[in-house]
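Report on the structure
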Amino acid sequence: MFALVSSHRFYLYDGFCDMRKSFDGLCGLISSGMQRQATSGEVFVFLNRSRTHVKLLHWEKGGFVLYYKRLESGTFLAPHTKNHELSWSDLVLMVEGIQVVKSIQKRRFSST
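In short, a report on the structure. Worth saying up front: this structure is predicted, and the values here are computed from it rather than measured. (Residues numbered from 1 in each chain as written. Predicted model: local features only at pLDDT ≥ 70, side-chain atom pairs only at ≥ 80, totals over all residues. Heavy atoms only, no water.)

With that out of the way, let us pick up the pattern of salt bridges. Where charged atoms from two side chains of opposite charge come close, those side chains can pair. Going through the model one piece at a time under the given rule, you end up with 4 salt bridges. Salt-bridge contacts for Arg20 lead to Asp18; the nearest nitrogen and oxygen are separated by 2.8 Å. Residue Asp18 is classed as partly exposed on the basis of its relative accessible area of 33%. Between Arg70 and Glu72 there is a salt bridge, with its nearest N and O atoms 2.7 Å apart. Here Arg70 falls in the exposed class, since its relative accessible area comes to 53%. (Salt bridge = Lys/Arg side-chain N within 4 Å of Asp/Glu carboxyl O. Buried < 20%, exposed > 50% of the residue type's maximum accessible area, 1.4 Å probe, protein only.)

Quick look at the structure:
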């Protein structure tokens, strides 16, 4: 079942991935390159060198799920990460191809 939600933790692989890799090859990158467990329930994000393909690997109860998206034109813009961790909103913006150029957060005032 398609079940990625904001409560998951998302990690971007630091480097480029050969998109011919499948479950076992990606698990090897996770354990050797990221020093994490592929079966932890976290979601791991991989980009190819030209940033036109993205794969997400996720362990669910019973097995691995692999999500794959290939762009017909343009590239994925990888967000800046802290410890390779992505927020849910950063992941959604990246996969949907939305680039935030400037963000301003206004203070809210309460009337008391």
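On we go from here.
Let's shift gears to the pairing of strand β2 (residues 43-47). Among the 5 residues in β2, 5 count as buried, and that is most of the element. Across the two faces of β2 the burial is the same, with Val43, Val45 and Leu47 and Phe44 and Phe46 all buried. Each parallel crossover has a hand, and for strand β1 (residues 10-12) linked through helix α1 (residues 23-33) to β2 it is right-handed. With 5 bridges connecting them, β2 and strand β3 (residues 53-60) associate as antiparallel partners. Residue Phe46 lies in a different strand from β3, and its bridge partner there is Lys55. Connecting β2 to the antiparallel partner β3 that follows it, the hairpin turn spans 5 residues, and Arg51 within it adopts a positive phi of roughly 60°. (Helix = DSSP H or I, 4+ residues; strand = E, 2+ residues; numbered from the N terminus. Right-handed = clockwise from strand over helix to strand, strands pointing away. Pairing = 2+ DSSP bridges.)

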